[in-house]
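What the coordinates show
Each chain, letter by letter, is given below.
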Amino acid sequence: MGIRPATVQKVPTMPRFFAGYLAGAGSPRVEVRESRTGRLLDTRSAPRGTTFLDLAVAGDGRTLFVFAKQGGRGRCVSTLHRLLLNDHGKITADRSVQDGSISGSPAGRDSLAADADGGKLA
């Protein structure tokens, strides 16, 4: 009987950074932090009159989608924005998603989700 080599299981690595959003009346913003230390790498504040409703991160860890609501009383518009991160966790682009605007606010508190490459949102 010979010695058989052990099977090595590949352990997933921790993403380099993570993102979160702070909503509410104070200072709604998206924050990007280093995963290992929690150190703040970058932040993007919501434009005046805008509230963030949800955030999703694509599988690449560098494409963020933010669902935002503009307006208050009267007419409201909800929009999707795509934020791109560079190798250092800095937000390098903020673009509206094509056909990503809807009149009004979504009903209820649903969640935003993105597939691995950021090509599909739900």
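If you're wondering where the values come from, they're calculated on a predicted model, not measured in any experiment.

Here the focus is the sheet that holds strand S4 (residues 50-57). For sheets, the rule is that strands pair by backbone hydrogen bonds, running either parallel or antiparallel. Read across the sheet, four strands follow the order S4-S5-S6-S7 without closing on themselves; strand pairing throughout is antiparallel. The open sheet is flanked by S4 and strand S7 (91-103), the only strands paired with a single partner. Within this sheet the neighbouring strands show an average axis-to-axis angle of 25°, counted without direction. Direction of pairing for strand S5 (residues 63-70) relative to strand S6 (residues 77-85): antiparallel, over a ladder of eight bridges. Paired with Lys69 across the bridge in S6 is Ser78.

All right, on to the pairing of strand S3 (residues 40-45) then. Note on strand geometry: in a regular strand, side chains alternate between the two faces of the sheet. For strand S2 (residues 29-34) and S3, the ladder comprises five bridges, and the chain directions are antiparallel. Pairing of Glu31 across the sheet is with Thr43, part of S3. Counting the residues between successive antiparallel strands, the hairpin from S2 to S3 contains five residues, one of them, Gly38, with a positive phi of roughly 80°.

Before going further, it helps to examine the environment of Gly119. Counting through the fold element by element, Gly119 comes out in the segment after S7. A residue is classified by how much of its surface remains accessible, and Gly119, at 62% relative accessible area, is exposed.

As a further point, take the pattern of salt bridges. Under the counting rule described, the total for this entry stands at six salt bridges. Here Arg39 ties to Glu34 by a salt bridge, and the two come within 3.7 Å at their closest N and O atoms. Put simply, Asp87 and Arg62 hold a salt bridge, and the shortest N to O gap is 2.3 Å. Taken as a pair, Asp87 in the loop between S6 and S7 and Arg62 in the loop between S4 and S5 lie far apart in primary sequence, 25 residues in all. Look at Asp87 and you get partly exposed, because its relative accessible area is 44%. Several salt bridges converge on common partners, so that one network encompasses Arg29, Glu31 and Arg33.

Moving on, we come to the sheet that holds S3. Spatial ordering of the open sheet is given by S1-S2-S3, a layout of three strands whose pairing is antiparallel. Looking at strand neighbours, the two that pair on one side only are strand S1 (17-22) and S3, the edges of this open sheet. For this sheet, the mean angle separating the axes of adjacent strands, direction not counted, is 15°.

Turning to the nonpolar core, a few remarks are in order. In terms of nonpolar packing, the biggest core is built from 14 residues, with Val30, Val32 and Leu64 touching the most fellow members. Breaking this core down by element, the ones donating at least two residues are S1, S2, S4, S5 and S6. If you tally residues by element for this core, the top one is S5, at three residues. Judged by nonpolar contacts, the second largest core, of eight residues, contains Ala58, Phe65, Leu80 and Leu112.

Cut-offs applied
- Residues numbered from 1 in each chain as written.
- Predicted model: local features only at pLDDT ≥ 70, side-chain atom pairs only at ≥ 80, totals over all residues.
- Heavy atoms only, no water.
- Pairing = 2+ DSSP bridges.
- Helix = DSSP H or I, 4+ residues; strand = E, 2+ residues; numbered from the N terminus.
- Axes fitted to C-alpha atoms, helices over the stretch in contact; angles between N-to-C directions.
- Buried < 20%, exposed > 50% of the residue type's maximum accessible area, 1.4 Å probe, protein only.
- Salt bridge = Lys/Arg side-chain N within 4 Å of Asp/Glu carboxyl O.
- Core = buried A, V, L, I, M, F, W, Y, C linked by side-chain atoms within 4.5 Å.

Read these as geometric descriptors, not functional statements.
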